[in-house]
Amino acid sequence: MSDAMDLLRSVKDQTDETEFYTPLPDGYTLGSTRYVAVFGTVISGLGKGIFSSSLAKLLKDKGLRVSPIKLEGYLNFDSGTLNPFRHGEVFVLDDGMESDMDLGTYERMLDQDLTGANFATSGQIFQAVLSKERAGGYLGRDVQMIPHVTGEVKLRLRTLAVKTRADVVFVEVGGTVGDIENAFYIEALRELSYEEGPGKVAFMALTYVLSPPALGEQKSKAAQLGIRRLMEYGIHPHVIAVRAEKPVTTKVRQKLSVYTNVPVGRVFSMHDLPSIYLLPELMREEGLDSEVVELLGLGGRVNSAHEFKAAGAWARFTSTIGSERHEVRIGITGKYTALRDSYASILKALEHAGVAHDTRVHVEWIDTTDVTDDNVAAGLAGVDAIIVPGGFGTRGTAGKIACIRHARANRLPYLGICLGFQMAVIEFARNVCSLAGAASTEMDPDCEHPVISILPEQKQIEGLGGNMRLGGQDVDLTEGSLAAELYGTTKIRQRFRHRYEVDPRYIETLQAGGMIFSGRHPVHPIMQVLELPRDIHPYFIGGQFHPELTSRPLRPAPMFHGLVRAALERAGARA
Ligand code: GLN
């Protein structure tokens, strides 16, 4: 250990003579933070984020401060421009960072708000390196992948450690071992482990065991080769987590142990579970959390009383999953109905709200491309509530408006999210306020009544130019409204990602027709929550924000909580 320390001390004042490049953030002490690094082998989509966040949760339950970071291989600066159909939803953090959906998994599992510091892409890393180069920051050196780019990666990790005062930083490396894109991340972690010293960095390899139906048994060769590949990078895993459909057999775990020198007790079966929220308990039963505490020498920092309490609260939550006494069917309209990942946070928010009501929520996907006023009643006959979620572009909007009209006129519980909020305004303007030409300038720039539009003067006030309004914003709720009742307060903070909003010129007309804007920007005339009077409709509400992004297992988002309650009442009335 002292070798590494000496070596670093000797490069503290960087010169053009040295081969080392390890900038340390102010206030960082080598060897004081622990790191858990998670890699995936064999296939992508193993659930590295689920594994990493579950383990982080178990350590947090023990009273340790944890901070996760996802290292993305792609060159985009953030996830803002990514198509959710290919990459899953864009998860917006409170500080406005448009991040990967895995950050949502971390926030939910840890019940912890994250920031841009918890999310890095290759694009961000290279941009930082190139800016330093332009500013003459490398003292005449040729700038190289090693040590400069890897040095930048380590700096990001250590900066996060300082900023969050984490006991343990969880580093999830995106992609699969062997990709070109993430090779420098893996290299950086190898260097980190040397510099921080033994017992400070624990490596976790996720892998996948195949079960070809024709053979009827689990086969581990691909897993063996995948982990070999990791070892070729100079990283020897401390723990192997094996993904499989069924529990991994002892024989396969032994085989993996033989091929990798990882004790069989640390080869963990991460088989499919009915809900990801059951994984932390499975890990705890297998003693994985204690193994990691021991590997990192953290025993002295464990708070057993804290753990007992946290484990109890979690067990009360998970004990409901799979044995709910009630059920409801909730329809979700949307363009990406084929891909559940595009609506990951909405599905999770429904799960949280469902558990709180001891209710299993079945989701019905409604492709609105062919929905019209004539066939909508049949299409929605089986659902107890509907959600029109966020989205961009024109496709399916006529069908969405037909669904909203049906929900409004037939007292079908409705939740509109962002675009779903805007569509509810348009439907109401057209069918209640007799503004036949009402639309959004996003879909119809020349419409007669642009009830939803871009307002340049407001955008200037908000200082966002032509860009999206992103991240956490304060919302004032009207006392006595459905919204205020749901949230139990009149001051809330919600996350936004939109460009268009209600045109203030139409507010009066909409209100005269009976629409209530019960949530507003504290200063500007930006409408953020709409609802219908409760004597007219049991549950009709919309948010210009995304309530799903801040729903947590033990603290479901109030708008979803209310929706499931209303759906239950409707299902009960029908039965
Ligand atoms: N397309 C709409 C806007 O930009 C809604 C965005 C969303 O649903 N996230 O305002």
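Just so it is clear, the model here is predicted, and its values are computed rather than measured.

**Overview of the site of the ligand**
Here is step 1: Around the ligand, a shell composed of Gly390, Gly391, Phe392, Cys418, Leu419, Gln422, Glu442, Arg497, His498, Arg499, Tyr500 and His546 is seen.
Here is step 2: The contact in question runs from a nitrogen atom of the ligand to an N or O atom on the backbone of Arg497, over 2.9 Å.
Here is step 3: Within the backbone of Tyr500, an N or O atom sits 2.9 Å from an oxygen atom of the ligand.
Here is step 4: Contact with the protein chains hides 99% of the accessible area of the ligand, taken as 300 Å² for the molecule alone.
Here is step 5: Contributions of two or more residues to the shell around the ligand are made by helix H16 (419–431) and strand S17 (491–498).
Here is step 6: Among the residues forming the shell around the ligand, the class breakdown is four nonpolar, five polar and three charged.

**Considering the pattern of salt bridges**
Two side chains with opposite charge may pair up if their charged atoms get near one another.
Here is step 1: One pass over the structure, following the stated rule, counts 40 salt bridges.
Here is step 2: One salt bridge connects Glu485 with Arg534, and the closest N-O pair in it is separated by 2.6 Å. Here Arg534 lies in the loop between strand S20 (527–531) and strand S21 (540–543) and Glu485 lies in helix H18 (residues 482–487), a separation of 49 residues in the sequence.
Here is step 3: The class for Glu485 is partly exposed, based on a relative accessible area of 48%.
Here is step 4: Across the pair Asp503 and Arg505 runs a salt bridge whose closest N-O atoms are separated by 2.7 Å.
Here is step 5: Residue Asp503 is classed as buried on the basis of its relative accessible area of 3%.
Here is step 6: Accessibility expressed as a relative area gives 61% for Arg505, which makes it exposed.

**Some remarks on the sheet that holds strand S16 (residues 469–477)**
Here is step 1: Ordered by their spatial adjacency, nine strands build an open sheet running S11-S10-S12-S13-S21-S20-S19-S16-S17, and the pairing between neighbours is mixed. Looking at the sheet topology across the chains shown, the edges are occupied by strand S11 (359–366) and S17. Pairs of neighbouring strands in the sheet enclose a mean axial angle of 30°, with direction left out of account.
Here is step 2: This element, H16, spans strand S12 (385–388), strand S13 (414–417), S17, strand S19 (516–520), S20 and S21 of the sheet and lies at about 115° to S13.

**Quick word on the nonpolar core**
Here is step 1: In terms of nonpolar packing, the biggest core is built from 47 residues, with Tyr35, Phe39, Leu71, Val171 and Leu189 touching the most fellow members.
Here is step 2: When residues in this core are grouped by element, the largest group, six residues, is from helix H7 (residues 183–196).
Here is step 3: If we skip the residues at most four places from it in the chain, Phe39 touches Lys48, Val173, Val177, Ile186, Leu189, Phe203, Met204, Ala205, Leu206, Leu230 and Ile235.

**What to know about helix H13 (residues 344–356)**
Here is step 1: Taking 1.5 Å per residue, 13 residues should reach 18 Å; H13 reaches 19 Å between its end C-alpha atoms and fits that length.
Here is step 2: Along H13, 11 of the 13 residues are buried, which leaves the element largely enclosed by surrounding structure.
Here is step 3: All buried positions along H13 are accounted for by Ala344, Ser345, Ile346, Leu347, Lys348, Ala349, Leu350, His352, Ala353, Gly354 and Val355.
Here is step 4: A positive phi of about 55° marks Asp358, the residue just after H13.

**Remarks on the sheet that holds strand S5 (residues 119–121)**
Here is step 1: Spatially, S5-S2-S6-S1-S7-S8-S9 is the arrangement adopted by the seven strands of the open sheet, whose pairing is parallel. With partners counted over all chains shown, the strands left at the sheet margins are S5 and strand S9 (267–271), one partner each. Adjacent strand axes in the sheet meet at a mean angle of 20°, parallel and antiparallel pairs treated alike.
Here is step 2: Pairing geometry for strand S2 (residues 66–72) and strand S6 (residues 168–173), over six bridges, is parallel. In the sheet register, Leu71 faces S6, and the bridge partner there is Val173.
Here is step 3: Packing of helix H5 (residues 122–134) onto the sheet brings it into contact with S2 and S5, and relative to S5 it is tilted by some 75°.
Here is step 4: On top of the sheet, helix H8 (residues 221–232) reaches strand S1 (34–40), strand S7 (201–208) and strand S8 (239–244); it is set at about 150° to S7, its chief contact.

**Side note on the environment of Asp370**
Here is step 1: You can see Asp370 is positioned in the loop between S11 and helix H14 (376–379).
Here is step 2: Linking Asp370 and Gly396, residues 26 residues apart in sequence, is a C-alpha distance of 7.6 Å.

**Comments concerning the side chain of His546**
Here is step 1: For His546, the location among the structural elements is in the loop between S21 and helix H20 (558–574).
Here is step 2: Residue His546 is classed as buried on the basis of its relative accessible area of 11%.
Here is step 3: Not counting the four nearest positions on each side in its chain, His546 is found in contact with Gly390, Ile417, Cys418, Gln494, Arg495 and Arg497.

**Here we look at unusual backbone geometry**
Here is step 1: Cis geometry marks the peptide bond from Ile146 to Pro147; its omega dihedral reads 15°.
Here is step 2: Phi angles above zero are rare outside glycine, and Arg165 is one such case at about 50°.
Here is step 3: Along the polypeptide, Arg165 turns up in the loop between helix H6 (145–164) and S6.
Here is step 4: Looking at Arg165, the relative accessible area reads 57%, which means it is exposed.

Each value, and the rule that gives it
Residues numbered from 1 in each chain as written. Predicted model: local features only at pLDDT ≥ 70, side-chain atom pairs only at ≥ 80, totals over all residues. Heavy atoms only, no water. Near = heavy atom within 4 Å. Polar contact = N/O pair within 3.5 Å; in protein donor to acceptor, adjacent residues only side chain to side chain. Areas by Shrake-Rupley, 256 points an atom, 1.4 Å probe, with all protein chains shown as cover. Helix = DSSP H or I, 4+ residues; strand = E, 2+ residues; numbered from the N terminus. Nonpolar A, V, L, I, M, F, W, Y, C, P; charged D, E, K, R; others polar. Salt bridge = Lys/Arg side-chain N within 4 Å of Asp/Glu carboxyl O. Buried < 20%, exposed > 50% of the residue type's maximum accessible area, 1.4 Å probe, protein only. Pairing = 2+ DSSP bridges. Axes fitted to C-alpha atoms, helices over the stretch in contact; angles between N-to-C directions. Contact = heavy atoms within 4.5 Å. Core = buried A, V, L, I, M, F, W, Y, C linked by side-chain atoms within 4.5 Å. Expected span 1.5 Å × (residues − 1).

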